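# Structural description and commentary
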Amino acid sequence: MTGKPGYTTDQHPRILEGNDLKALAKYMKSDSCRNIFLMLGAGVSTSAGIPDFRSPGTGLYANLARLNLPFPEAVFEIGFFKKNPIPFYTLAKELYPGRFRPTPTHSFITLLHSHSLLHTCFTQNIDTLERRAGVPAHKIIEAHGSFATQRCIECKTPFDAEKIKKAVLSEEIEIPRCERRRCRGLVKPDIVFFGEGLPDQFHRSIRNLRDADLLIVLGTSLTVHPFASLVGLVPNDCPRVLINLDEVGHFNKPDDVLLLGKCDDVVRELCRELGWEEELDAAWEKTKDSLEAGEQEPERELEESTEDEVEKITKNLEQALKVSDKKDEEGPSSRSKANDLVEVGLVEGDRTSPTDLPTEGKL
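Residues numbered from 1 in each chain as written. Predicted model: local features only at pLDDT ≥ 70, side-chain atom pairs only at ≥ 80, totals over all residues. Heavy atoms only, no water.

## What about the confidence of the model for the protein chain?
- Mean pLDDT for the protein chain: 80, with 72% of residues reaching 70 or above.
- Here residues 320–362 is modelled with pLDDT under 50, and outside its nearest four sequence neighbours on either side it reaches 73 contacts, counting other chains as well. (pLDDT = per-residue confidence, 0-100. Contact = heavy atoms within 4.5 Å.)

The following block contains the structure:
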């Protein structure tokens, strides 16, 4: 077995000269590192003010548990959506692209591309912040889909982006319907719901991991499969880096590097070592223009901002569920324009947890 050019070989060849940030930066600047793959989780976007879904006690699902839902994840369950799409679109209104600015970590991804190092960015996130930071779409694999495109769930006909945006962001949410006269099915963003399979593009792209010279995993708990399994699909001699608040997964190979801390902080240190810090600042400055008119960055501390966002989302969903339940009780004659388009809520027998569903779609 041989090592890559410029590095010594022995019975147990090493690619990196050490398991720290300095050694990582040196390798990234070498001719041996040309194809960098990324795996992104919610921790990359939390500094933008977007709440994560799964953190115990503070995540979105933990807060939705107190609402009148069959189970917290029902907002993203395809069967529940078909019967009552209002909770999802209430949530979508709060998380819609344009409300949040990409983070410095997202700008780091654009730098990898501009330095011709980025092969593929696999992301679990549905927020499209990679795109809004300037990462080309063909470099991004949105494993769980995103708000970038939308279509009818019945006939799969694409739906106009501006029309769904207008419907979702209107004062009283209008549930978008397919414009094909013989269909009129519900429309939703191409986000993978529980009960749906992952995009074909994700499966086709997995084989490319065998070309990886470096894998960087950022801000993910590595608990959601099949996404988490990508870590083990790079070549045996490919260095793997974990940038995360906590140690997760199994990063115990000779060239694995653990850089624990907030993604933005660690990425800045790495850019400083690479000599890219000024480029990082310039790239992130450009992302100010990605906010929609009227939106402003929160000036509060991150933890407070994110907690307030989760509380706001939960209250809005709670109100939407009350309105929906009230209209169901009053009968068809009093339902709003939006509710005319949906079936009445779940029956008791439909209270199935996503863990029991035969699906690979996870949020």
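After that view, the rundown keeps rolling.
## Section: the packing of helix H9 (residues 263–274) against helix H10 (residues 277–286)
- Running from amino to carboxyl end, H9 crosses H10 at an angle of 130°, the nearest separation of the two axes being 7 Å. Taken together, the axis directions place H9 and H10 in an arrangement best described as oblique. Seen from H9, the contacting residues are Arg268, Cys271 and Arg272; seen from H10, they are Glu277, Leu280 and Asp281.
- Grouping the amino acids of the contact of H9 with H10 by side-chain chemistry returns two nonpolar, no polar and four charged. (Axes fitted to C-alpha atoms, helices over the stretch in contact; angles between N-to-C directions. Helix = DSSP H or I, 4+ residues; strand = E, 2+ residues; numbered from the N terminus. Parallel < 35°, antiparallel > 145°, perpendicular 65-115°, else oblique. Nonpolar A, V, L, I, M, F, W, Y, C, P; charged D, E, K, R; others polar.)

## Section: the sheet that holds strand S2 (residues 118–123)
- The parallel open sheet is built from six strands, whose spatial order is S3-S2-S1-S6-S7-S8. Pairing within the sheet leaves two strands with one partner each, and these edge strands are strand S3 (140–142) and strand S8 (257–260). When strand polarity is set aside, the average angle formed by the axes of neighbouring strands in this sheet is 15°. (Pairing = 2+ DSSP bridges.)

## Focus: the layout of surface pockets
- Its boundaries defined by the atoms lining it, the second largest pocket holds a volume of some 480 Å³.
- If you go around the second largest pocket, you meet 23 residues; those closest to its centre are Gly145, Thr149, Arg151, Asp190 and Pro199.
- If you list the elements that add at least two residues to the lining of the second largest pocket, you get S3, strand S4 (145–152), strand S5 (187–191) and helix H8 (200–205).
- Of the residues forming the lining of the second largest pocket, the biggest block, six residues, is contributed by S4.
- For the lining of the second largest pocket, a count of residues per class yields ten nonpolar, five polar and eight charged. (1 Å grid on protein atoms, 1.4 Å probe; cavity = no way out; pocket = protein on both sides within 12 Å on 5 of 7 lines; lining within 4 Å. Points joined across faces, edges and corners; volume = space filled by probe spheres on them.)

## Quick look at the pattern of salt bridges
- Tallying each qualifying case throughout the model produces 13 salt bridges.
- We note a salt bridge from glutamate 285 to lysine 288, for which the minimum N-O separation is 3.2 Å.
- Judged by relative accessible area, glutamate 285 falls into the partly exposed class, the value being 44%.
- The network of salt bridges with shared partners includes Arg268, Arg272, Glu277 and Asp281. (Salt bridge = Lys/Arg side-chain N within 4 Å of Asp/Glu carboxyl O. Buried < 20%, exposed > 50% of the residue type's maximum accessible area, 1.4 Å probe, protein only.)

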